[in-house]
Number of protein chains: 2
Amino acid sequence: MRFTINREEFLKGLTTSSRAINSKNPIAALTNLKIELNENGLFITGSNRDLTIRTLIPYFLDDKEIIRNYQIGSVLVNLKIVDFCREVKTEEVVLEVNDETIATIASSNGNNEMTLQCIKVDEYYDVDLEPDSLEITLTKNEFSNIVNQTAFAASLKEQRLILTALNLEANEGKLTVTATDSARMARKETLVPDNISFVANIPAKMMVEVDHLLEGQEYITISIGDKKALFSFDKIVVATTLVAGDYPNTKNIVPKVTNHHLMVKASEVLSAIRLANLVTERENVVDFSMSPENVQISAKSSQTGSGVNKIGAFQYEGSPLRISFNSEFVSQAIKALGSEDILFEFIGEMKPFVIKNPNDDSIIQIVTPVRAYY
Amino acid sequence: MRFTINREEFLKGLTTSSRAINSKNPIAALTNLKIELNENGLFITGSNRDLTIRTLIPYFLDDKEIIRNYQIGSVLVNLKIVDFCREVKTEEVVLEVNDETIATIASSNGNNEMTLQCIKVDEYYDVDLEPDSLEITLTKNEFSNIVNQTAFAASLKEQRLILTALNLEANEGKLTVTATDSARMARKETLVPDNISFVANIPAKMMVEVDHLLEGQEYITISIGDKKALFSFDKIVVATTLVAGDYPNTKNIVPKVTNHHLMVKASEVLSAIRLANLVTERENVVDFSMSPENVQISAKSSQTGSGVNKIGAFQYEGSPLRISFNSEFVSQAIKALGSEDILFEFIGEMKPFVIKNPNDDSIIQIVTPVRAYY
């Protein structure tokens with residue numbers, strides 16, 4: 001294999017695909033990028049088995065020749081090639097593979113040259129990147145909102161693997177995405193075409209990674225199979241394994257009737273929480289006490305001291321209520337709503353409560369209180 | 001003690017003095033800020049014994065009242081007071097100490113209040129902040145140049161404590177500052193008044209810290225005593241202990257006669273070094289080979305591969321030479337010179353070599369080569 005290629009386009013593809021690589025992967029072949037030139041162009045693949053990213057660089061972009069003076073073939077190459085292409089400054093670089101195990105990359109002026117020992121290409125673990133028939137297309141904004149408003153609420157603990165996933169359920173014209181770590185829940189609804197119906201559990205961190213890659217795109221197509229989801233945009237395909245097993249039933253977590261309603265400003269509550277956290281006894285647990293006359297967030301620690309922070313602007317309906325919660329959960333939920341107006345809805349001291357944007361019904365956040373020791 | 005104080009001025013003083021505090025200090029009193037209000041204003045002190053920073057906030061700044069409604073006194077207070085003052089948004093805050101062990105800080109609108117348990121002020125370790133008679137004043141730029149051009153070459157290893165210091169020697173109208181970790185050396189000369197003469201070894205990292213604090217200042221006064229150095233600027237005094245012992249004699253390290261001279265561009269050498277480093281066998285060691293026809297930086301690793309990087313623009317005088325060096329040392333030395341034109345002067349393969357800015361004789365960098373295995 002050999003080719004001369006536009007350095008910027010090559011670097012873009014290398015950088016994107018290398019995001020899937022774990023350089024400490026015990027399977028040596030997977031610490032490398034697979035580079036394959038065929039009649040369609042140059043395919044660059046990076047994978048850690050759970051996540052695979054493949055980018056395609058065509059021979060021509062618009063009328064500009066991107067790849068020239070080539071001979072088709074494939075090679076597995078060390079990630080150092082990415083740093084090389086980032087560091088040299090020539091418009092093109094030249095890659096040449098002598099037998100299957102030695103690749104030389106050079107700047108087109110010949111000043112800089114690096115020879116890398118390579119692993120044979122047949123040792124690569126190839127992931128199935130064929131799309132399944134079930135496809136759904138979202139705008140970049142729809143996809144980003146789903147991820148930003150739910151993924152933070154998924155569990156980070158691998159003990160209950162299913163909770164590290166986002167649960168995607170499409171039917172009757174609605175895609176409902178749920179995340180829960182069992183102490184809180186985030187749920188987002190997005191309108192989709194009527195005829196689409198599926199359920200899939202996609203690792204939350206993969207969804208976050210795909211969202212990063214989406215920067216600058218307009219649309220994303222998601223294809224759902226039995227064991228994998230594919231995300232396609234631009235000339236990039238991302239594959240992720242699904243999390244096996246049934247997602248817990250979260251349908252009944254959202255309370256139907258609530259009897260304490262508090263409307264506040266996001267910035268003021270977040271600031272009061274940060275101040276209360278300076279003196280929390282148990283990590284992040286603060287007390288929220290409300291009445292029609294006074295709303296305050298306070299905390300106390302036998303070691304450090306105590307803090308009381310009154311909320312200046314609020315509307316409260318209901319009898320006085322005092323509730324303790326993990327303030328980190330509440331802060332994340334408020335930030336995810338992306339609204340300065342925030343509505344809290346409570347049932348009682350020990351019942352899960354709702355945090356909402358009063359102007360957007362598509363997203364709901366639920367947090368379970370913690371037992372207080374006052 | 002009590003006072004109402006302009007929040008921004010208070011926060012600035014708290015932030016500056018808290019930079020000296022190590023929150024894990026085993027002496028509990030030193031994890032706190034000492035706050036003392038007397039007839040001169042409010043003194044805020046932070047210390048870890050080796051480094052002490054004291055700021056003064058006066059009652060008035062120009063005609064603006066900064067501290068009002070006060071009663072003098074002193075207290076040791078937890079660093080959480082800094083976060084409190086950063087987070088609240090009122091123009092003033094109110095500090096009140098009830099007995100010596102409980103302090104309450106509040107926003108001036110009363111919405112936010114934090115009560116902190118305090119340590120008694122007589123448990124504080126007080127550092128002598130009286131200036132010694134030997135004083136020297138430098139501009140901010142002179143001081144920053146000294147620190148930025150030398151401190152990186154001081155040792156980070158505590159085994160030979162004296163090498164973690166910068167050696168300052170003033171006499172005959174010159175302040176000479178030297179740093180060496182025994183494998184390289186940086187030396188900077190600055191003109192000072194004729195009548196000043198002293199030798200002091202000041203910890204390099206303290207000099208770096210003082211340089212950070214100097215941001216936005218014009219002058220700094222350094223006072224040298226037997227066991228301490230004091231740095232004064234604005235309303236801030238910084239004290240640092242000196243490193244005891246004799247600094248090694250570095251007078252003869254700078255070679256008098258050199259017979260290989262290479263002039264190059266800093267950016268090109270730095271780039272070639274980064275590229276060669278992608279395939280170094282021993283960490284950071286690269287080969288530099290020079291002749292009147294060709295200058296290149298190369299590296300080789302039995303595991304990864306090899307790289308050759310030719311320098312495009314150079315002037316070389318002397319017989320061909322090949323030398324191996326720790327490229328991190330050379331890169332740091334080049335960057336410290338702050339010049340795009342860089343002059344290398346060599347004696348031979350295993351002799352320390354010089355890196356200079358051809359237009360600035362006040363600064364010199366010396367690097368010892370490493371033995372090559374080619």
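Here is what the cut-offs are and how they apply
Residues numbered from 1 in each chain as written. Chains lettered and ligands numbered in written order. Predicted model: local features only at pLDDT ≥ 70, side-chain atom pairs only at ≥ 80, totals over all residues. Helix = DSSP H or I, 4+ residues; strand = E, 2+ residues; numbered from the N terminus. Buried ≥ 20, exposed ≤ 12 C-beta atoms within 10 Å, placed from the backbone. Contact = placed C-beta atoms within 7 Å. Arc of directions from axis to C-beta. Least-squares fit on C-alpha atoms with pLDDT ≥ 70 in both. Domains from an automatic or database assignment. Nonpolar A, V, L, I, M, F, W, Y, C, P; charged D, E, K, R; others polar. Pairing = 2+ DSSP bridges. Axes fitted to C-alpha atoms, helices over the stretch in contact; angles between N-to-C directions. Left-handed = near helix turned anticlockwise from the far one by under 90°.

Draft legend 1. Geometry of the overall build of chain A. Broken down by element type, chain A carries 6 helices and 28 strands. Referenced to the eigenvectors of the C-alpha coordinate spread, the extents of chain A come out at roughly 80 × 50 × 40 Å. Across the 374 residues of chain A, 43% fall into the buried class. Sequence-distant contacts, at least 24 apart, represent 65% of the contacts inside chain A between residues at least 6 apart.

Draft legend 2. Looking closely at helix 4 (residues 204-213) of chain A. All buried positions along helix 4 of chain A are accounted for by A204, M206, M207 and V210 of chain A. Projected onto a plane normal to the axis of helix 4 of chain A, the buried residues spread over an arc of 160° and lie on a single side.

Draft legend 3. Local environment of the relation of the copies chain B and chain A. Superposition record for chain B on chain A: RMSD 0.0 Å, screw rotation 180°, translation along axis 0.0 Å. Each copy turns onto its partner about a two-fold axis. Among all residues of chain B, the one whose C-alpha sits closest to the rotation axis is K24 of chain B, at a distance of 17 Å.

Draft legend 4. Examining the domain arrangement of chain A more closely. Residues and elements named next belong to chain A. Per the domain assignment, the segments making up chain A are domain 1 (2-123), domain 2 (134-241) and domain 3 (260-367). Listed as interface residues are 11 residues of domain 2 and, on the opposing side, 10 residues of domain 3. Breaking the side of domain 2 that touches domain 3 down by element, the ones donating at least two residues are helix 3 (140-150) and strand 15 (184-191). Residue contributions to the side of domain 2 that touches domain 3 peak at 7 residues, all from strand 15. Classifying every residue of the side of domain 2 that touches domain 3 by side-chain character gives 4 nonpolar, 3 polar and 4 charged.

Draft legend 5. Up close: the sheet that holds strand 2 (residues 33-38) of chain B. Residue and element names in this part refer to chain B. Read from one edge to the other, the open sheet built from 8 strands follows the order 8-2-3-4-19-18-17-12, with strand pairing classed as antiparallel. Each edge of the sheet is formed by a strand with only one pairing partner; in this case those strands are strand 8 (73-77) and strand 12 (134-139). Put simply, the sheet's adjacent strands are angled 15° from each other on average, direction ignored. Sitting on the sheet, helix 3 (residues 140-150) touches strand 12 and strand 17 (219-224), and the angle it makes with strand 12 is about 95°.

Draft legend 6. Spatial organisation of the packing of helix 1 (residues 7-18) of chain B against helix 2 (residues 80-87) of chain B. Residue and element names in this part refer to chain B. Direction vectors running N to C along helix 1 and helix 2 enclose 145°, while the axes themselves pass 9 Å from each other. Here helix 1 runs over helix 2; the crossing is left-handed. In contact with R7, F10, L11, L14, T15 and S18 of helix 1, helix 2 contributes I81, V82, C85 and R86. Grouping the amino acids of the contact of helix 1 with helix 2 by side-chain chemistry returns 6 nonpolar, 2 polar and 2 charged.

Draft legend 7. Fine view of the interface of chain B and chain A. Opposite the 25 residues of chain B that make contact, chain A presents 25 residues. The set of elements that each furnish at least two residues to the side of chain B that touches chain A consists of helix 2, strand 11 (112-117), helix 5 (266-277) and strand 23 (305-310) of chain B. Residue composition of the side of chain B that touches chain A, by class: 7 nonpolar, 12 polar and 6 charged. With 5 bridges connecting them, strand 11 (residues 112-117) of chain A and strand 23 of chain B associate as antiparallel partners. For L116 of chain A, the partnering residue across the bridge sits in strand 23 of chain B and is G305 of chain B.

Draft legend 8. Up close: the pairing of strand 26 (residues 341-346) of chain A. Residue and element names in this part refer to chain A. Of the two faces of strand 26, only the one carrying I342, F344 and F346 is buried; D341, L343 and E345 on the other face are not. As paired elements, strand 20 (residues 260-265) and strand 26 share 6 bridges and run antiparallel to each other. Along strand 26, the bridge assignment pairs H261 with E345. Bridge count between strand 26 and strand 27 (residues 353-357): 3 bridges; the pairing is antiparallel. Within strand 27, the residue paired with L343 across the bridge is K356. Hairpin geometry of strand 26 and strand 27 is characterised by an intervening segment of 6 residues between the two adjacent antiparallel strands.

Draft legend 9. View of the sheet that holds strand 13 (residues 165-171) of chain B. Residue and element names in this part refer to chain B. In space, the 9 strands of this open sheet follow the order 16-13-14-15-28-27-26-20-24, with antiparallel pairing throughout. In this open sheet, the two strands that pair with only one neighbour each are strand 16 (198-203) and strand 24 (314-317). Put simply, the sheet's adjacent strands are angled 20° from each other on average, direction ignored. Helix 3 contacts strand 13, strand 14 (174-180), strand 15 (184-191) and strand 28 (360-367) of the sheet and is inclined by roughly 170° relative to strand 15. Contacts between helix 6 (residues 327-337) and the sheet are confined to strand 15, strand 26 (341-346), strand 27 (353-357) and strand 28, with strand 28 contributing the most and set at about 175° to the helix.

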